[in-house]
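# Working through the structure, step by step
Each chain, letter by letter, is given below.
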Amino acid sequence: MKQICIFVLIGLLTIMAGAREKPGDPNNWGKWGKQDERGAANYIDAKSIKKAAALIDRGKVFSLAIPIDNTGPVYPGRVPPQHFMVATGADYVAGQPNTLGKMKFADDYIYMPLQGSTQWDALSHAWYDNSLYNKVDQAAIKSAPAAGGATKLGIENIKNSMVGRGVLIDVLAFKGGALPPGYMITRADIEKTLKSQRTRVKEGDIVLIRTGFVPDYFKITDPAARIAFVSGPHTGIGPDVVDWVDKMEIAGIAADNLALEVLPNPDPEKSLSIHGSLLRDLGVYIGEIWWFEELAADCAEDGRYEFFLAAQPLNIPGAVGSPLNPIAIK
Ligand code: UVW
């Protein structure tokens, strides 16, 4: 009897351990091979990039990045980017001898969380249970630089990707230019907005969801009020958008807010769980703290919400995210 109990217990523990390695539903584990580390970036191919390049007709360029400095919004707990100078003209004015002959130089450094400005989350940024996308063990995410950081699923896997057709989904404008704090954007909101824009999403697209959160942050001037704002509710996508993302076969989804998803999640047990569904289960890249204002105005004016988008991350080996300056060209 004792032996049977031990066998049953071992069996149960094995089943439980196995369950912890399973993908959620829907998922893309194995879709591009068991060793794949690029996830939904695989939806982008040479054909879709060439088609996207053909969308350029006016040569009008939009930067979708906020300034990298210490005034921008960061997720509570993170330090905003710190930029400091180690060589300046003022040094020479103060009498520093010029050791380089005729030439003079200024040099600067930046210290920042890679998640602390306009960014992509790598597939190594978030997971649940013991596994990341495609059953990568959490032990593969190590300290850096000695141990390599994200030894799997690092951002460098898409250093030559995230370039193609971008589509702005201007939920903010569709809803009349204002969303209540912490508004949860639903799949129906996205579909209705696209219908009103007469825009279709295609495989391999990078979709941009306009919420107005980051612009609202910059409208606040008082530093304490800015901190209170980022600590309060965040407008973002709700859980039912995950199935839509899966169905559309998009490569990435970015927003002008801090975490893409609505905060707090309507179900307190599921805080930040949309990160798990997109990064871990689907291998879809998440973009945050993007800036859409000039692009949105132009799209409203010409009625075209599709464009060529160059949104490649920096080539930082083992990083779990990267700042970037995404460029939309119409
Ligand atoms: C967290 O890491 C909580 O969010 P983000 O994806 O915004 O960096």
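With that settled, the discussion passes to a nonpolar patch on the surface. Together, V79, F84, V86, Y109 and Y111 make up a nonpolar patch on the protein surface, roughly 500 Å² of accessible area in all. Residue assignment for the nonpolar patch shows that the elements contributing at least two residues are β2 (82-87) and β3 (107-111).

Looking now at the packing of aromatic side chains. Taken as a whole and assessed by the stated rule, the structure comprises 7 aromatic pairs. For the ring pair F213 and F229, a centre distance of 4.6 Å and an interplane angle of 25 degrees mean the geometry is stacked. Of this pair, F213 sits in helix α6 (residues 213-219) while F229 sits in helix α7 (residues 223-231), and the two are 16 residues apart along the sequence. You can call F213 buried: its relative accessible area is 4%. Given the relative accessible area of 23%, F229 is considered partly exposed. With 6.1 Å between their ring centres and 80 degrees between their planes, F218 and W291 make a pair best called edge-to-face. Of this pair, F218 sits in helix α6 while W291 sits in the loop between β10 (285-288) and α10 (293-302); the two residues are 73 residues apart in sequence, bridging distant segments of the chain. Judged by its relative accessible area of 25%, F218 is partly exposed. Ring pairing ties together the aromatic residues W120, W290 and F292, which thus form one cluster. Positioned above the aromatic ring of Y92 is the side chain of K104, whose terminal nitrogen or guanidinium carbon lies 5.2 Å from the ring centre.

This next bit is on the side chain of T193. Checked against the element boundaries, T193 lands in helix α5 (residues 187-197). Only 2.6 Å separates the side chain of T193 from the backbone oxygen of D189, close enough to count as a polar contact.

Our next topic: the site of the ligand. Every residue close to the ligand is listed here: Y75, R78, Q115, D121, H125, L258, A259, L272, H275 and E288. Contact distances for the ligand include 2.7 Å between an oxygen atom and a side-chain N or O atom of R78. Contact distances for the ligand include 2.6 Å between an oxygen atom and a side-chain N or O atom of H275. In isolation the ligand offers 260 Å² of accessible surface; the protein chains occlude 89% of this area. When the residues that make up the shell around the ligand are grouped by side-chain class, the tally is 4 nonpolar, 3 polar and 3 charged.

A few words now on the pairing of strand β9 (residues 252-255). Each regular strand carries side chains that alternate between the two faces of the sheet. Side chains of β9 alternate between two faces, with G252 and A254 and I253 and A255 buried alike. In this structure, β9 lies alongside β10, joined through 3 bridges in parallel fashion. Considered in β10, the bridge of I253 is made with I286. Crossover β9 to β10 through helix α9 (residues 273-282) is right-handed.

This paragraph deals with the pattern of salt bridges. Enumeration according to the criterion identifies 15 salt bridges in this entry. Between E249 and K31 there is a salt bridge whose closest N-O contact spans 3.5 Å. In this pair, E249 is assigned in the loop between α8 (241-248) and β9 and K31 in the loop between α1 (2-19) and α2 (46-53), connecting sequence segments 218 residues apart. You can call E249 partly exposed: its relative accessible area is 24%. Of the charged contacts in the structure, one is a salt bridge between D298 and K60, with a shortest N-O distance of 3.3 Å. One end of the pair, D298, is in helix α10; the other, K60, is in the loop between α2 and β1 (61-63), with 238 residues separating them in the sequence. Look at K60 and you get partly exposed, because its relative accessible area is 38%.

Spatially, 9 strands are ordered β1-β13-β11-β5-β7-β9-β10-β4-β12 in an open sheet, and the strand pairing comes out mixed. Looking along the sheet, the strands with just one partner apiece sit at the ends: β1 and β12 (321-323). Strand-to-strand twist in this sheet, taken as the mean axis angle between neighbours without regard to direction, amounts to 25 degrees. Packed on one face of the sheet, α9 meets β4 (119-121), β9 and β10 and runs near 135 degrees to β10. This element, α10, spans β1, β5 (163-169), β7 (206-209), β11 (306-310) and β13 (327-329) of the sheet and lies at about 145 degrees to β1.

Our focus in this paragraph is the domain arrangement of the protein chain. By the assigned domains, the protein chain splits into domain 1 (24-78 + 113-329) and domain 2 (82-111). Distance from the C-alpha centre of domain 1 to the C-alpha centre of domain 2: 37 Å.

L208, W244 and L278 are the most contacted members of the largest nonpolar core, which has 62 residues in total. Take this core: its biggest share by element is 5 residues, from α8. Discounting residues that sit within four places of it in the chain, L278 has contacts with I237, V242, V245, I253, L260, G283, V284 and I286. Core analysis: the next-biggest nonpolar cluster, separate from the first, contains 8 residues, I66, V214, Y217 and V230 among them.

Rules and cut-offs
- Residues numbered from 1 in each chain as written.
- Predicted model: local features only at pLDDT ≥ 70, side-chain atom pairs only at ≥ 80, totals over all residues.
- Heavy atoms only, no water.
- Patch = residues over 30% accessible without salt bridge, like charges linked within 9 Å, V, L, I, M, F, W, Y side chains within 5 Å.
- Areas by Shrake-Rupley, 256 points an atom, 1.4 Å probe, with all protein chains shown as cover.
- Salt bridge = Lys/Arg side-chain N within 4 Å of Asp/Glu carboxyl O.
- Helix = DSSP H or I, 4+ residues; strand = E, 2+ residues; numbered from the N terminus.
- Phe/Tyr/Trp six-rings, centres within 6.5 Å; stacked < 30°, edge-to-face > 60°.
- Buried < 20%, exposed > 50% of the residue type's maximum accessible area, 1.4 Å probe, protein only.
- Lys NZ or Arg CZ within 6 Å of the ring centre and 35° of its normal.
- Polar contact = N/O pair within 3.5 Å; in protein donor to acceptor, adjacent residues only side chain to side chain.
- Near = heavy atom within 4 Å.
- Nonpolar A, V, L, I, M, F, W, Y, C, P; charged D, E, K, R; others polar.
- Pairing = 2+ DSSP bridges.
- Right-handed = clockwise from strand over helix to strand, strands pointing away.
- Axes fitted to C-alpha atoms, helices over the stretch in contact; angles between N-to-C directions.
- Contact = heavy atoms within 4.5 Å.
- Domains from an automatic or database assignment.
- Core = buried A, V, L, I, M, F, W, Y, C linked by side-chain atoms within 4.5 Å.

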